[in-house]
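# Breakdown of the fold
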Amino acid sequence: MTDPKHGITEAEAIEQAKQGHEAAFEVLYHLHKRRVYSLCLRMVSNPAQAEDLAQEAFLQLFRKISTFRGESAFSTWLHRMTVNVVLMQLRKKGLPVVSLEETLESEDEAPRKEFGTKDLKLTGSVDRLQLQRAIDRLPPGYKTVFVLHDVEGFEHNEIAQMVGCSIGNSKSQLHKARLKLREYLKFMRAEKAKTG
Amino acid sequence: MTCSEVERVLPELLDGGSNGAFPPDFDAHLKCCPTCSDLVSDLKLIASEARQLAASEEPASRVWVRIAAELRAEGLIRDSAIPDSAIHDSTIREPEFAPARPVVVPVPVPASPRWRWRALWLAPVAAAVLVASAYVISHKPAPQVATQQAPAPAVTSPAPVTPATTPALVPAPAPQQMAKNSAKPKGVSGNGNEIGRVAEAAAEPEPSAEDQQFLSVVSTLGPSTRATYESQLRAVNADIQETQAYVDRNPGDADARQHLMDAYQQKALLYQIALDRIQ
């Protein structure tokens, strides 16, 4: 990955940052800021908090940059650090990250598959804005797993390790999150169709 | 395979349990059951659309300003910006992005007493910026009704403000007036209340007398340091201008007011950091 403005590679920027060059830090920041900030924003749904979390993630990364040896991709390292920062913040606030209770929710609360009903099919027409709003409405536990898996691309074994649950729980939460999102999106489409 | 069995195995199958291919009886059921077929299609669509949301948002420019300030405060930035006048050996220049090699760092000579004296005004200016911004922001009239009409902030994507693209310096009046006046850029219409639109419509602001004086003092630290401060000042001024315009249109938005306060604090911090270096 090369920064087009300065014409240096990420690896060069990392080495320069280890020596304390501000411009090198800035290059690394601009290369990864969107991914880090977007992840934070998806998890907390609040731009101000997302900025604070992104700032903290980068600061933690830069403080430890001298220890980076290149065994894994820099972006992977940063990504995991960002997730840890966000999860720590959620735990500090007492918000559930992934709740076992959510797997024991009552039949009334669990998303139902509607047999035999005529639903508005989503295929081919998921509005990105509506999807973002639907994600914001998800319960915290569902949202965490959905964001980490479907948005950010982590595998279930990684998610299980990060949030402290089993792989089976992670898969179950993800499936329920997708079902809930499907319901939210269909509801939004129905509302939109009514109002015209 | 029945619909219940499909629902039971779906979580495992959708996540590529068999490299995207479904078992034959599963496929057969989907072909004859439109409900299950629609369900599978919808869930796959949601998963694929979700991936587009990764890295889709841009943080405000103030985030980098804060990070840089913190890195400096912690001594993690050991910049190459050594005052030109302080370099005893004129052949030694620390390159910006040269390959790693031993660099002799000459002992920096403190700024002359004349410049130190001139720079002392930075301290009260920094303090005044904070006080004035706190006064103005806390005394904004409370709205009767929430006026924010913009969609959820998560979905707006303000125009990226980078040192290369930021406008010229925002006019900043005397410190006691700095936060009270809001520089309305030319061409900004009264409609629209999204930060992104304001950023796009903003004309290039003129540098304030204080900013120009600040930069002339910082120049004593060397051209590369001046350039760094200038770019950071540009970024934070653009942020102030942008956020101020948004707050003017949405006085009830507490988050925006906090952002404006943060932006002023960043500017004050920039002044303070420069003062610390000069003294």
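### What to know about the overall build of chain B
The helix and strand tally for chain B stands at 11 helices and zero strands. Listed N to C, the secondary structure of chain B is α-α-α-α-α-α-α-α-α-α-α in terms of helices and strands. Taking all 279 residues of chain B together, 35% fall into the buried category. In chain B, once contacts between residues fewer than 6 apart in sequence are set aside, the share between residues at least 24 apart is 77%.

### Observations regarding the confidence of the model for chain B
Residues and elements named next belong to chain B. Taken over all residues, the pLDDT of chain B has a mean of 65, while the share at 70 or more is 50%. The weakest mean pLDDT in chain B belongs to helix α8 (residues 195-201) at 40; the strongest belongs to helix α4 (residues 61-73) at 94. The low-confidence segment residues 81-111, where pLDDT is below 50, has 39 contacts with residues more than four positions distant or belonging to other chains. Note on residues 142-203: pLDDT under 50 across the span, and 130 contacts to partners over four residues away in sequence or across chains. Predicted complex metrics record ipTM = 0.81 and pTM = 0.54.

### With respect to the interface of chain B and chain A
Contact residues are listed per partner, giving 51 residues for chain B and 54 residues for chain A. Put simply, the parts of the chain that give the side of chain B that touches chain A at least two residues each are α1 (3-14), α3 (34-51), α4 and α11 (254-278) of chain B. Of the residues forming the side of chain B that touches chain A, the biggest block, 12 residues, is contributed by α3 of chain B. Counted by class, the side of chain B that touches chain A contains 28 nonpolar, eight polar and 15 charged residues.

### A short note on the environment of Ile-46 of chain B
Tracing the backbone through its elements, the reader meets Ile-46 of chain B in helix α3. Excluding its chain neighbours within four sequence positions, the residues that come into contact with Ile-46 of chain B are Val-126, Arg-178, Leu-181 and Arg-182 of chain A.

Cut-offs and rules
- Residues numbered from 1 in each chain as written.
- Chains lettered and ligands numbered in written order.
- Predicted model: local features only at pLDDT ≥ 70, side-chain atom pairs only at ≥ 80, totals over all residues.
- Helix = DSSP H or I, 4+ residues; strand = E, 2+ residues; numbered from the N terminus.
- Buried ≥ 20, exposed ≤ 12 C-beta atoms within 10 Å, placed from the backbone.
- Contact = placed C-beta atoms within 7 Å.
- pLDDT = per-residue confidence, 0-100.
- Nonpolar A, V, L, I, M, F, W, Y, C, P; charged D, E, K, R; others polar.

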